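Architecture and fold: a report
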Amino acid sequence: MARTITVGLDGSPESRAAAEWAAREAALRRAPVRLLHVWQPVPEPMAQAPLLGAETHQHWTERIPREAAEGLELRHPGVEVTTEQRSGAPADALLDAARDAELLVLGSRALSGLAGFLIGSVGQSVIARAEVPVVLVRAGEQAADEHVKDPAGIPSAATGFRPVVLGVDPGSPDDTVLTFAFEEARRREATLTVVAGWNLPPYSVYGLAAGVDPRAEVAREQTAALTEVLLPWREKYPDVEVTERSRLGSPANHLVDAAHDASLVVVGRRIRRSPFGVHIGAVAHAVLHHATTPVAVVAHG
């Protein structure tokens, strides 16, 4: 049996957008969706209030996942949808549920305009600690947003998918992240755009001082390194069209630029066992705060 795609659901617009994205992804993967609603017990003083008592609270917490599941089943008839409720700290409950999940999907409010995700403490904690891929979906995300426009320039979910964008460091590529991105592109029959950003080595300042510009040579070296990394993956996934972008400058900035025309952005996050602080990684953190398309953060060793 396929492992589930688990969605953190709280009834907010962003969590409903996450549930819709998860259902579309489940159809591509032929996997079931589990809607997980986490509620914290009502404090004793509130439990005595007539309008905010435990029974009213329980009624709403049961209604949210039930109505969400009914809606998903209507809009995505081929997808199996189940619901689950847990009590306790939301981050801990989501992480525990993710242990047997294939994917964890969370919603996030948009910052503003063209800005990216507003990630609360729960989302940051989950992303930093989860060992399964975590996908962030903004409120208002629509299926048509992930597809190219139709010939008349009108958004449509019936057209082909926009590219999947992957950030890679050619000096330390990871198989888990690469596999995830290639599989997502294959499922969507979409182009995989692989982005690598690089900076000039410190010694290049001496060449510049002498009137020698090393950028062309470094660019050739970096491009060759990226091509070499991707060669076995092109052979493994011959049906996936791959576009390589190796450019001078911040990897995060290049990824954010590429995300404007993407259906999904994939970034890696190194697993850290330290019990102190929340560590997402500089590139993943920047992409989450500036990308406008769904972002998958894939943990790796």
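The rules behind each value
Residues numbered from 1 in each chain as written. Predicted model: local features only at pLDDT ≥ 70, side-chain atom pairs only at ≥ 80, totals over all residues. Heavy atoms only, no water. Helix = DSSP H or I, 4+ residues; strand = E, 2+ residues; numbered from the N terminus. Buried < 20%, exposed > 50% of the residue type's maximum accessible area, 1.4 Å probe, protein only. Phe/Tyr/Trp six-rings, centres within 6.5 Å; stacked < 30°, edge-to-face > 60°. Contact = heavy atoms within 4.5 Å. pLDDT = per-residue confidence, 0-100. Axes fitted to C-alpha atoms, helices over the stretch in contact; angles between N-to-C directions. Left-handed = near helix turned anticlockwise from the far one by under 90°. Nonpolar A, V, L, I, M, F, W, Y, C, P; charged D, E, K, R; others polar.

Some thoughts on unusual backbone geometry
Look at R30: it is not a glycine, yet its phi comes out positive at around 55°. Following the sequence through the fold, R30 ends up in the loop between α1 (13–29) and β2 (33–39). A relative accessible area of 75% means that R30 is categorised as exposed. Even without being glycine, E189 reaches a positive phi, approximately 55°. With respect to the element layout, E189 can be found in the loop between α6 (175–188) and β8 (192–198).

Observations regarding the packing of aromatic side chains
Describing an aromatic ring pair means giving the distance of the ring centres and the angle of the ring planes. Counted by the stated rule, this structure contains two aromatic pairs. Taken together, a centroid distance of 5.8 Å and an interplanar angle of 25° make the contact between F182 and W233 stacked. Placement of the pair is F182 in helix α6 and W233 in helix α8 (residues 215–236), with a sequence separation of 51 residues. On the accessibility criterion, F182 (0% relative accessible area) is buried.

Details of the environment of L264
As for its position among the elements, L264 is in strand β10 (residues 264–270). Among all residues touching L264, those that are not within four sequence positions of it are W21, P163, V164, V165, F180, E184, R188, T293, P294, V295 and A296.

Concerning the confidence of the model for the protein chain
Taken over all residues, the pLDDT of the protein chain has a mean of 86, while the share at 70 or more is 82%. In this model, residues 111–116 is a region of pLDDT below 50 whose contacts with residues beyond four sequence positions or in other chains number 19 contacts.

Regarding the packing of helix α4 (residues 90–98) against helix α5 (residues 121–129)
Running from N to C, α4 and α5 point in directions that differ by 35°, and their axes come no closer than 9 Å. The two elements α4 and α5 meet at a crossing, and its hand is right-handed. Counted together, P90, A91, D92, L94 and L95 of α4 and V122, S125, V126 and R129 of α5 form the full contact between these two elements. Each residue belonging to the contact of α4 with α5 can be placed in one class, and the counts come to six nonpolar, one polar and two charged.

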